[in-house]
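# Residue-level structural notes
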Amino acid sequence: MLNEIFLVIYHFLDIVLPFAWAEPVFMKNALIALVLIAPAAALVGIHLTALHMAFFGDAISHSAFTGIALGFLFSVNPSLSMAIFAVAISILIYFVEKKSNIAMDNIISVMMSLGVAAGLCIVSFRKSFMRDFQSYLFGDILTVSQGEIIVMFLVLVFIVIWSYINYNRLALMSLSPLLIIDKAKSRGLSKLLFSLLCAVLVAVSIKVTGMLLITSLLVIPAVTARLIAKSEGRIFRIAYMIIAGTSLFALIVSYYLDMATGGVIIVFLSVLFFIAYLLRAVWKISL
Amino acid sequence: MTNDAIQVKELSVKINETVILDNLSFTIPKAQVTSIIGPNGAGKTTLLSAILGMIEYSGSVEFCDGNNVKIGYVPQRLSLAKDSAVTAADLFTMTHQKKPVYLGTTRRCGVIAEEYLNLVQMAHYKNRKLSVLSGGELQRVLIGLALSRKPSILIMDEASAGIDFQGSSALDDLTRKLNRENSLTVIMVSHDLSVVNRSSDHIVCINKTLVCQGPPEKTLTPKSIANAFGNPALHSHAH
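Parameters at a glance
- Residues numbered from 1 in each chain as written.
- Chains lettered and ligands numbered in written order.
- Predicted model: local features only at pLDDT ≥ 70, side-chain atom pairs only at ≥ 80, totals over all residues.
- Heavy atoms only, no water.
- Helix = DSSP H or I, 4+ residues; strand = E, 2+ residues; numbered from the N terminus.
- Contact = heavy atoms within 4.5 Å.
- Areas by Shrake-Rupley, 256 points an atom, 1.4 Å probe, with all protein chains shown as cover.
- Lys, Arg positive; Asp, Glu negative; His and termini not counted.
- Charge placed at Lys NZ, Arg CZ, Asp CG, Glu CD.
- Axes fitted to C-alpha atoms, helices over the stretch in contact; angles between N-to-C directions.
- Parallel < 35°, antiparallel > 145°, perpendicular 65-115°, else oblique.
- Left-handed = near helix turned anticlockwise from the far one by under 90°.
- Nonpolar A, V, L, I, M, F, W, Y, C, P; charged D, E, K, R; others polar.
- Domains from an automatic or database assignment.
- Buried area = accessible area lost by both parts, 1.4 Å probe.
- Salt bridge = Lys/Arg side-chain N within 4 Å of Asp/Glu carboxyl O.
- Polar contact = N/O pair within 3.5 Å; in protein donor to acceptor, adjacent residues only side chain to side chain.

### Looking at the overall build of chain A
Of the regular secondary structure elements, chain A holds 11 helices and 0 strands. When its helices and strands are written in sequence order, chain A yields α-α-α-α-α-α-α-α-α-α-α. If one aligns the C-alpha atoms of chain A with their principal axes, the spans along those axes are about 55 × 55 × 40 Å. A sequence separation of at least 24 residues applies to 73% of the contacts in chain A between residues at least 6 apart. When the accessible surface of chain A is split by element, carbon and sulfur atoms take 72% of a total near 13100 Å². Once the 18 positive and 12 negative side-chain charges of chain A are each reduced to a mean point, those two points are 13 Å apart.

The following block contains the structure:
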């Protein structure tokens with residue numbers, strides 16, 4: 001059944017993209033994965049930057065190091081162990097922050113160090129793990145499987161539903177928690193749910209850019225969009241177009257130049273950020 | 001029927017074993033402007049948080065029109081990043097609309113924004129980003145937003161802090177106008193005794209405990225100011 005659905009999608013892509021680069025199945029899978037990740041990354045990235053949680057995203061992505069290592073160690077699917085470990089770290093950060101007087105950035109710094117250090121210990125213990133690590137460290141979108149695409153689709157559906165319910169509330173919360181006084185009791189829960197969502201999205205999309213750059217995929221488009229958007233309502237559309245456009249362009253460029261797609265995506269996103277900065281600062285252009 | 005909007009009885013707040021508020025009892029009269037004054041660290045913001053039910057406390061806070069009374073809250077400031085793209089109209093959309101702001105603004109929300117921004121004379125800044133508004137203009141937008149919830153009690157936390165005399169005076173006039181025209185109960189926290197003296201009907205002066213309460217002419221005396229602030233010279237400033 002799933003195979004048939006994929007065959008229909010591949011056939012559709014053959015019709016709308018009759019180009020040499022789009023012929024191989026791995027390129028089609030990569031394209032589908034990017035189409036699914038783009039809106040999810042835009043929605044989560046907007047709140048991640050507005051709530052000043054970019055550093056949190058880094059902690060989650062770096063903790064994936066231990067999650068993957070544990071997966072290799074116990075012969076569990078590394079993507080699954082990575083997601084579980086990322087969720088566990090985000091819950092730990094949330095509760096330590098809530099129950100202590102320690103500043104959030106200090107807690108995140110400790111957790112990030114733990115995430116990297118523990119992973120390093122496990123990898124050095126079993127050196128054969130090292131070569132399998134590469135695709136997680138630097139990303140390898142061209143190896144994304146149909147199963148991973150289905151997981152990405154489910155995560156996207158969940159994020160879209162979550163966003164429909166919570167977008168306005170989180171946007172107000174980022175301005176002042178006191179703007180939602182009638183929902184004060186659910187504020188902590190909203191933030192915890194958002195943290196978990198970040199953890200799951202980072203784990204699912206780590207193959208796009210790798211754990212070293214995944215936060216950039218969430219942060220740069222949101223920051224660029226906010227720079228040139230005329231209003232809050234336009235940020236999502238701009239961020240989505242930035243991710244979708246640069247990802248597609250980077251996929252084609254990396255195919256012909258034989259470069260790492262994740263790296264090319266982030267370089268293009270960064271270039272776009274500086275272009276947006278110039279548009280805004282010099283020519284006062286906003287969209 | 002009572003003329004009080006809120007009755008606070010034996011209210012105490014402890015945070016990490018430190019007493020922030022100790023056995024406060026006072027009333028907030030209905031349809032009047034009440035100022036809560038006190039020195040830094042007196043517990044004014046904690047008192048507001050207790051009234052809003054956002055922190056745990058002992059004692060009681062009774063709303064005389066029932067506990068479902070609608071409260072409008074005007075925060076002291078927003079954590080607005082320099083690159084924030086939120087406009088005045090966006091604030092209303094995000095407050096009154098369930099569907100995300102990026103899916104557009106419903107006609108109803110547009111009307112609400114227009115109506116209440118007009119009320120605070122900010123309709124012409126509807127599509128301007130909050131990050132480029134002055135302190136006084138931003139406070140006006142926030143008052144409009146709080147009023148759009150149709151509250152019977154409006155709470156303002158240091159609304160005129162960091163605003164120049166002209167802006168602060170305009171804000172006072174607006175508060176008075178809203179209070180008179182809508183029989184709105186207004187509670188404001190302020191450091192500025194001249195503002196308090198000019199615009200309040202009732203004063204609640206605290207310094208962890210209740211120092212005094214009553215009309216300005218009876219409460220803003222050298223003795224009570226010295227008790228609360230430790231400096232009676234502030235009295236002449238208040239007048």
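Additional details are given in the paragraphs that follow.
### Describing the packing of helix α3 (residues 54-73) of chain A against helix α4 (residues 78-99) of chain A
All names here are of chain A. Relative to each other, α3 and α4 sit at 135°, their axes nearing to 7 Å. In this view, α3 runs oblique relative to α4, as classed from their interaxial angle. Every pair of crossing elements has a handedness; the one defined by α3 and α4 is right-handed. Contacts between α3 and α4 involve F56, A59, I60, S63, A64, T66, G67, I68, L70, G71 and F72 on the former and, on the latter, P78, S81, M82, F85, A86, I89, S90 and I93. In terms of residue class, the contact of α3 with α4 is made up of 13 nonpolar, 6 polar and no charged.

### Section: the domain arrangement of chain B
All names here are of chain B. Annotation of chain B at the domain level lists domain 1 (1-69 + 153-239) and domain 2 (77-151). One C-alpha centre belongs to domain 1, the other to domain 2, and the line joining them spans 26 Å. Opposite the 11 residues of domain 1 that make contact, domain 2 presents 11 residues. Contact with domain 2 buries area across many residues of domain 1, yet L154, L174 and L178 alone supply 39% of it, more than any other trio. Counting across the interface, domain 1 meets domain 2 through 0 salt bridges. Between the two partners, domain 1 and domain 2, sit 0 residue pairs in polar contact (both at pLDDT 80 or more). Secondary-structure elements contributing two or more residues to the side of domain 1 that touches domain 2 are β6 (153-157) and α5 (165-182). Of the residues forming the side of domain 1 that touches domain 2, the biggest block, 5 residues, is contributed by α5. Split by residue class, the side of domain 1 that touches domain 2 holds 10 nonpolar, no polar and 1 charged.

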